[in-house]
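# Breakdown of the fold
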Amino acid sequence: MVNDLGFFALALSALLAAYAAAAAWWSTQRGDERWLESARNAAVGTAPLLTIACVALVYNLLAGNFQISYVYDVSARAMPPFLKATALWGGQAGSILFWTWLMSLFAAAVLLRKWEVDRPLLPWVIVITMLTLLFFQGLSLLVANPFDRLWQDLRSGEVVQRVWRPAGAAPLVPFDGKGLNPLLRHPGMIGHPPTLYLGFVGFVIPYAFAMAALITRRSIGDRWIRTTRRWTLVSWLFLSLGLLLGGRWAYDVLGWGGFWGWDPVENAALMPWLTGTAFLHSVMIQEKRGMLKVWNMVLIILTYSLVIFGTFITRSGVISSVHSFTQSAIGPAFFAFITVTFLSSVTLLVSRMDTLRSENALENVLSREAAFLLNNLLFLGITFAVFWGTISPMVTELITGQKITVGPPYYNQVTGPLFGALVLLMGVAPLLAWRRQSASQLAHKLLWPFVGSALIVGGLIAAGHRNPTALFGFWLVAFVGLATLLAFWRGAQARRQAHGESWPIALARLISRHRRRYGGYLIHLGVLMMALGIIGTYLFQQETEATLVLGERLNFGPYALQFDNLHAYSLEAGDRQVTEAVLTVYEDGRPVRTLRPRRDFFISAEQPMTIPSVWSRPQGDLYALLVTWETDPGLRATFKLYINPLIGWLWLGGLTFVLGTVIAAWPDSAVRRTWKLAPQGEQAPSPA
């Protein structure tokens, strides 16, 4: 009964989405507000119905209803309840339903806001969000239905999947399920997919506003950008969090000592983040100078298309990845949807070019506009390089019949210099004035950051560091970091002189009064911290592999590791067989830490998993893996060991990055009051 309730709720939500899109369109033809209100109510109504569908599926997972095909594939009796619940997004059908549910929540939140100012856009925002939602609802109903049951034909014995009983078939109820993919049984998987999906679905909102502005010819102004800026920032925040949590999951679970492997699914999440970041920068030029209107439309179309493409890559299994699910029939549907939406968007953009004329021209290459434009080109360059590397296996297989995959060296060599140029721009662009900046003034602003960063590099050379790439990287981080900190110092100093405030009060009020600017600077500081972690890991990582007999020691970097024990035990009602080694870490001859790397074998899934043991310190991580072991003759085990210098800065930088985004997106109190006091029907001043 619960399963049927979930299915009917899903089906009814699809009917509501279709009705909402049709009624909203009809309201534009008839100019009848009643149709528009009806469409809005229907669109909002999809959210509770899809909530019921998701709750029904989670109930099936928790109850162990293994006649449901999806539950049989991703759950097992021995799994703890929290893993059963999170299996909602652990397989293809469930994750598409989860994506759809989040999309409906985002759409409902947008449609429930006050629309007095943006009312002309409302019908088309409903049409676009509901058509996107309807596509994913259609996938859930017709291609990857999470409510399908298992049935067995009484004559042929064939097992089929249907929601309701076919003629001549009997229910097939397995005693137990296959269980969740062991790689997904990690706390990081609780937060990684939801944040990533929230980032994906969130970018549908600015895209819908952009298309609505084009259709209604209101793209001549920047109203749609100001309305969606906070939605875009929130989506970008979730996408950033998803990437960060995914990196941590890879570091803890995949057992190769790294956090980013240029996996196709990682790339699929990175690409919309890159174009979304470019969009967040370029919209500032349109707001300030009325420029780059076409460019902003191109960026939001690209971001939306890459969001759908990313979902396609993850869910179709068309490209081999540790993240993607098996090959399925959803590939052609996704391909058709991406093609139709992309071509329609481009056609609409071309037809509205007359509404997108720039109000100003670029006056000088030494200006903030020029720096932001260069920033955008670098982001697009990285996006293209990553896109080509991601699809190259498909392209080469199509042309030559052989799948040729490019590896991390390609990505590192192509994108590394571009990322370096972006970091440099982070330090220079905020110091440039709008329209034009004299070279002498710019040199004066950059003098102290340059001197400070040169002294730091000189100290590193004096300490014995000679790697030119690393020295350049450290100089770049120091130069941009000092330039950014100088901006904080100048702002706080100005407040101290004007108001007589203490340093902490001046700094706190500086940030709270200019959240967008200083939130952005905090984001830049977070990026620099992450850059430190990347430099340390990529350029100074140490790695070794050795076989040790019981009691034997291995010298590795500043440490000595002694193999002291190996034992086995079981978890999760015997479904998880664990073999754990004990390594004692010595430093300067003294025992300082015990590491316990292990290998888990999941019986129901018939899949092993390597669990690293990590000792994290400010200067870096000691990372140990148990590769294999033998008991005859005598106990011996093979270990793989890494020293990852400075990697802690990567995670600390991620947290700083998130904090800066929250501050930048937080509504300004003055703006909230302005919006509240605006008379009905009169356009309120835009948020700062």
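A brief structural summary. (Residues numbered from 1 in each chain as written. Predicted model: local features only at pLDDT ≥ 70, side-chain atom pairs only at ≥ 80, totals over all residues. Heavy atoms only, no water.)

### Examining the sheet that holds strand S13 (residues 636–645)
Threshold: Following DSSP output, two strands are said to pair if at least two bridges run between them. In this text, helices come from DSSP runs of H or I with a minimum length of four residues, and strands from runs of E with a minimum of two, each type numbered from the N-terminal end. Lines are fitted to the C-alpha atoms to define the axes, a helix being fitted only along its stretch in contact, and any angle between axes, read from their N-to-C directions, falls within 0 to 180 degrees.
Pairing is antiparallel across the open sheet formed by four strands, whose spatial order is S4-S13-S12-S11. Single-partner strands in this sheet number two, and they are strand S4 (542–549) and strand S11 (613–617). On average, adjacent strands in this sheet sit at an angle of 20 degrees to one another, irrespective of strand direction. In this sheet, S13 lies alongside strand S12 (residues 620–630) in antiparallel orientation, the contact comprising ten bridges. Within S13, the residue paired with Leu625 across the bridge is Lys640.

### Considering helix H2 (residues 33–63)
For clarity, the cut-off: By this rule, a helix spans an expected 1.5 Å times one less than how many residues it contains. Distance and chemistry together define a polar contact, namely a pair of N or O atoms within 3.5 Å, with one atom able to donate a hydrogen and the other to accept it when in protein, and with adjacent residues in sequence counting only for side-chain atoms on both sides.
In this model H2 runs 46 Å from its N-terminal to its C-terminal C-alpha over 31 residues, within 8% of the 45 Å that 1.5 Å per residue would give. Its side-chain oxygen at 2.9 Å from the backbone nitrogen of Arg34, Asp32 defines the N-terminal cap of H2. Just downstream of H2, Gly64 is the residue with a positive phi angle, here 65 degrees.

### Section: the packing of helix H9 (residues 223–253) against helix H19 (residues 647–665)
Rules: Our angle categories are set so that under 35 degrees counts as roughly parallel, over 145 as roughly antiparallel, 65 to 115 as roughly perpendicular, and the remainder as oblique. Crossings are classed by handedness, with left-handed meaning an anticlockwise turn of the near helix from the far one by less than a right angle and right-handed meaning a clockwise turn. We call two residues in contact when some of their heavy atoms are within 4.5 Å.
Contact pair H9 / H19: the axes reach a minimum separation of 10 Å and the direction vectors enclose 165 degrees. Looking at the two axes, H9 sits roughly antiparallel to H19. Every pair of crossing elements has a handedness; the one defined by H9 and H19 is left-handed. Contact residues: H9 offers Arg229, Arg230, Leu233, Trp236, Leu237, Ser240, Leu241, Leu244, Gly247, Arg248 and Tyr251, while H19 offers Ile647, Trp651, Gly654, Leu655, Phe657, Val658, Thr661, Val662, Ala664 and Ala665.

### Describing the packing of aromatic side chains
We apply this condition: Side-chain rings of Phe, Tyr and Trp (the six-membered ring for Trp) are treated as a pair once their centres are within 6.5 Å; stacked means planes under 30 degrees apart, edge-to-face means over 60, and tilted covers the remaining angles. Residue exposure (1.4 Å probe, protein chains only): buried if accessible area is under 20% of the type maximum, exposed if over 50%, otherwise partly exposed.
Counted by the stated rule, this structure contains 40 aromatic pairs. Ring geometry for Trp489 and Trp503: centres 6.4 Å apart, planes at 25 degrees, overall stacked. Pair noted here: Trp489 is in helix H16 (residues 468–499) and Trp503 is in helix H17 (residues 503–513), with a separation of 14 residues, a long-range link. On the basis of relative accessible area, Trp489 is assigned to the partly exposed category, the value being 46%. For Trp503, a relative accessible area of 35% translates into the label partly exposed. Judged by centre distance (5.8 Å) and plane angle (55 degrees), the rings of Tyr559 and Trp615 are tilted. Placement of the pair is Tyr559 in strand S6 (residues 559–571) and Trp615 in strand S11, with a sequence separation of 56 residues. Trp615 matches Tyr559 in its accessibility class, with the two residues each being buried. Among the aromatic side chains, those forming a connected cluster through ring pairs are Trp99, Phe135, Phe136, Phe309, Phe312, Phe334, Phe337 and Phe387.

### Details of H9
So the rule is basically this: Bend, in this description, refers to the angle at a residue between axes fitted to the seven residues ending there and the seven starting there.
Compared with an ideal rise of 1.5 Å per residue, which puts 31 residues at 45 Å, H9 spans 45 Å between its outermost C-alpha atoms and is within 8% of the ideal. By the largest-angle criterion, Arg229 marks the main kink of H9, which is about 45 degrees. By the criterion of burial, H9 is predominantly enclosed, with 23 of the 31 residues buried. Just downstream of H9, Gly255 is the residue with a positive phi angle, here 70 degrees.

### Points about the sheet that holds strand S3 (residues 169–171)
Strands pair in a sheet through their backbones, by hydrogen bonds, and they do so in one of two ways: parallel or antiparallel. Reading across the sheet, the three strands line up as S2-S1-S3 and stay open at both edges, with antiparallel pairing between neighbours. Every other strand in the sheet has two partners, leaving strand S2 (159–162) and S3 as the edge strands with one partner each. Across the sheet, the axes of successive neighbouring strands diverge by a mean angle of 40 degrees, strand direction being ignored. As paired elements, strand S1 (residues 149–153) and S3 share three bridges and run antiparallel to each other. By the bridge assignment for S3, Asp153 is matched with Ala169.

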